[in-house]
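# Results of the structural survey
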Amino acid sequence: MTASAAWSWRALRLAPPLLPLLPALAWLPVLWVLPGLSHGGGWGLIGQFAAAAFSPSLDPLVLGSAFSGLGVTVGIALLGWAFSLVLGLLGGVLSSRTVWRTACGSALPAELIRRLLAVPRALHELLWGLLLLQWLGLQPAVAVLAITIPYAALVARVVSDLLDALPTSGLEALRLAGAPAGPALLTALGPALQPGVISYGGYRLECALRSATLLGVFGLGGLGTDLRLTLQSLQFRELWSGLWMLLLVMLALEALLRVLRQRWAMPARFGLSSRSVGRGGREVLLGALLLLPLLLLVAVALGVNPLQLGTFQSLPPWTADWPAVAALPWPSLIGTTLGLTLLAAALAVGTAPLLLLLMAPWPWGRLLLQAVWALGRLWPPPLTALLLLFVLQPGVLTAALALAFHNLGVLGRLLLEAEESAPLQAEEALTAAGAGPRLALFYGRFSALARSYLAYGAYRADVILRETVVVGLVGAAGLGSLLLEALSSFAIDQLIALVAVYVVLTLMGEDLSDRLRRRLLAA
């Protein structure tokens, strides 16, 4: 390659703030085909649904039912989160290369445990819930386990990565001084691990609340069941009564977790002294001790009985027909699922910075975005798909829009937090030079957060791949629709094959997203 050609190639490279906007180009083909997929019969229902948000039902019976369902949802989320956090911490320590090298000189056991934990992590909590429902029957413990199993594997992966990324000079010094492996690991790595665990643990609690709502949509108890029934019966005012309650709980939880993260996970950033940091560690321990009786009361109130987990339902006999399973249209099913994932990820990742750029300079724009994105995080994708089916035909695009709206809420919140904490010097300099507010925001703060935002977008694409089962199970498209048929007809051979394909796809997606994140953050 000549020097001039190399210069031309470098000149064509996109500026960093343009990178987060590139995925928004997916809207061009979507808007092109959208009119052909729409039908006008349901726009009146969409209008009624939107209008009902401003006049929710205040009937005492409706409010009482919603409050009761909300209590079940919060209880399931709390139990699932607590159990997954404890198991995930244990799994993270056992799958840490640093721990095994310190304990026995070889990281091979860590690699084996990581491979084993990849399987429960690869399956969405909804799929775990439906599988456990077949084996254990309808009981509150099913929803708790459905959150605990995949979340514990996810927490274990994050904790092990955090441990392996910590500097080991202090650990090596303690070992050379003759300290045993266990105390040396706890002393050298424990305090440094605490902020990351607290921050990620708080995020997992928010996710558990959304997962508990989603499980309720599919009949596993809680407010989600009421939301789906009221939507299907077109009782929009009753639906919004429960939805507003859930939104208030979610916003209160986010505010509480933000305060605790600032106090416990980021003390140096907020100017707290070393004495305050030590007091924060004691507060964490005290909070964990106070949480134990609360968890016991919640388990009793929900009727979660661990003894019932050993009683399995009698399953109908089944025969395997592997040639029929092999004859399924696997290329089409896999291609549809991957296409759905990529389209939903592109729409969610690209739309968040585009909307922020367009609306943030307006005084009310940021508040409107926060409200819409909070609703997106709260509203389960299957219910969004049901709403879209009022005006759109079922298919990949409808499913992608439902997933994109939910993940737009998650990515939008992250982008707002990153944008608020980004350095202001470049933006202020551009403003002083006469640039408009959007141009200053674009070339100022967007330049600083572009690559980290895209790195998180790669992680969300991996999450969306798991979530395709959610919209597939409401008849949208892809492997999920076939999973529903296999579960309802108890076709174990198809179910085994479909679960195996999902595991392979999600693990491959996880590996690709990890590579892309490392490349983006290293650039």
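Residues numbered from 1 in each chain as written. Predicted model: local features only at pLDDT ≥ 70, side-chain atom pairs only at ≥ 80, totals over all residues. Heavy atoms only, no water.

## Some remarks on the packing of aromatic side chains
Applying the stated criterion to the full structure yields six aromatic pairs. With centroids separated by 5.7 Å and ring planes inclined at 85 degrees, the aromatic side chains of phenylalanine 49 and phenylalanine 236 adopt a geometry described as edge-to-face. Of the two residues, phenylalanine 49 sits in helix α3 (residues 43-52) while phenylalanine 236 sits in helix α12 (residues 236-265), which places them 187 residues apart along the sequence. With relative accessibility at 12%, the residue phenylalanine 49 sits in the buried group. Here phenylalanine 236 falls in the buried class, since its relative accessible area comes to 5%. Ring geometry for phenylalanine 49 and tryptophan 240: centres 5.3 Å apart, planes at 40 degrees, overall tilted. Taken together, the residues phenylalanine 49 in helix α3 and tryptophan 240 in helix α12 connect sequence positions 191 residues apart. Members of the aromatic cluster, connected to one another through ring pairs, are Phe49, Phe236, Trp240, Trp244 and Trp379. Over the ring of phenylalanine 218 we find arginine 228; its NZ or CZ atom is 5.6 Å from the centre of that ring. (Phe/Tyr/Trp six-rings, centres within 6.5 Å; stacked < 30°, edge-to-face > 60°. Helix = DSSP H or I, 4+ residues; strand = E, 2+ residues; numbered from the N terminus. Buried < 20%, exposed > 50% of the residue type's maximum accessible area, 1.4 Å probe, protein only. Lys NZ or Arg CZ within 6 Å of the ring centre and 35° of its normal.)

## Quick word on the side chain of threonine 148
By the element assignment, threonine 148 lies in helix α8 (residues 140-165). From its side chain, threonine 148 meets the backbone oxygen of valine 144 in a polar contact 2.8 Å long. Every residue in contact with threonine 148, bar those within four places of it in the chain, is listed here: Leu79, Gly80, Phe83, Ser84 and Leu87. (Polar contact = N/O pair within 3.5 Å; in protein donor to acceptor, adjacent residues only side chain to side chain. Contact = heavy atoms within 4.5 Å.)

## Section: the packing of α8 against helix α10 (residues 181-217)
Their axes nearest at 10 Å, the elements α8 and α10 cross at an angle of 155 degrees. One element, α8, and the other, α10, form an angle in the roughly antiparallel class. For the pair α8 and α10, the sense of crossing is right-handed. Side by side, α8 and α10 meet where Ala143, Ala146, Ile147, Tyr151, Leu154, Val155, Val158, Val159, Leu162 and Leu163 of the first sit next to Leu189, Leu193, Gly196, Val197, Tyr200, Arg204, Cys207, Ala208, Ser211, Ala212 and Leu215 of the second. Its residues assigned to classes, the contact of α8 with α10 comprises 18 nonpolar, two polar and one charged. (Axes fitted to C-alpha atoms, helices over the stretch in contact; angles between N-to-C directions. Parallel < 35°, antiparallel > 145°, perpendicular 65-115°, else oblique. Left-handed = near helix turned anticlockwise from the far one by under 90°. Nonpolar A, V, L, I, M, F, W, Y, C, P; charged D, E, K, R; others polar.)

## Some words on the packing of helix α4 (residues 60-94) against α8
Look at α4 against α8: their axes get within 6 Å of each other, and the N-to-C directions meet at 35 degrees. The interaxial crossing formed by α4 with α8 has right-handed handedness. Tallied by class, residues from the contact of α4 with α8 come to 18 nonpolar, seven polar and no charged.

## Some thoughts on the side chain of arginine 460
Along the chain, arginine 460 falls in helix α21 (residues 445-472). Judged by its relative accessible area of 3%, arginine 460 falls in the buried class. At 3.3 Å, the side chain of arginine 460 forms a polar contact with the side chain of tyrosine 203. For arginine 460, the contacting residues outside a window of four places in its chain are Tyr203, Asn407, Val410, Leu411 and Glu467.

## Remarks on α4
With 35 residues, α4 extends 51 Å from end C-alpha to end C-alpha; this agrees with the ideal 51 Å at 1.5 Å per step. One side-chain oxygen of the residue at the start of α4 lies 2.7 Å from the amide nitrogen of leucine 61, identifying that residue as aspartate 59. (Expected span 1.5 Å × (residues − 1).)

## Some words on the confidence of the model for the protein chain
On average, residues of the protein chain score 83 in pLDDT, and 90% of them reach the 70 mark or higher. In the predicted structure, residues 3-12 sits below a pLDDT of 50 and forms one contact with residues beyond four places in sequence or in another chain. Note on residues 268-274: pLDDT under 50 across the span, and five contacts to partners over four residues away in sequence or across chains. (pLDDT = per-residue confidence, 0-100.)

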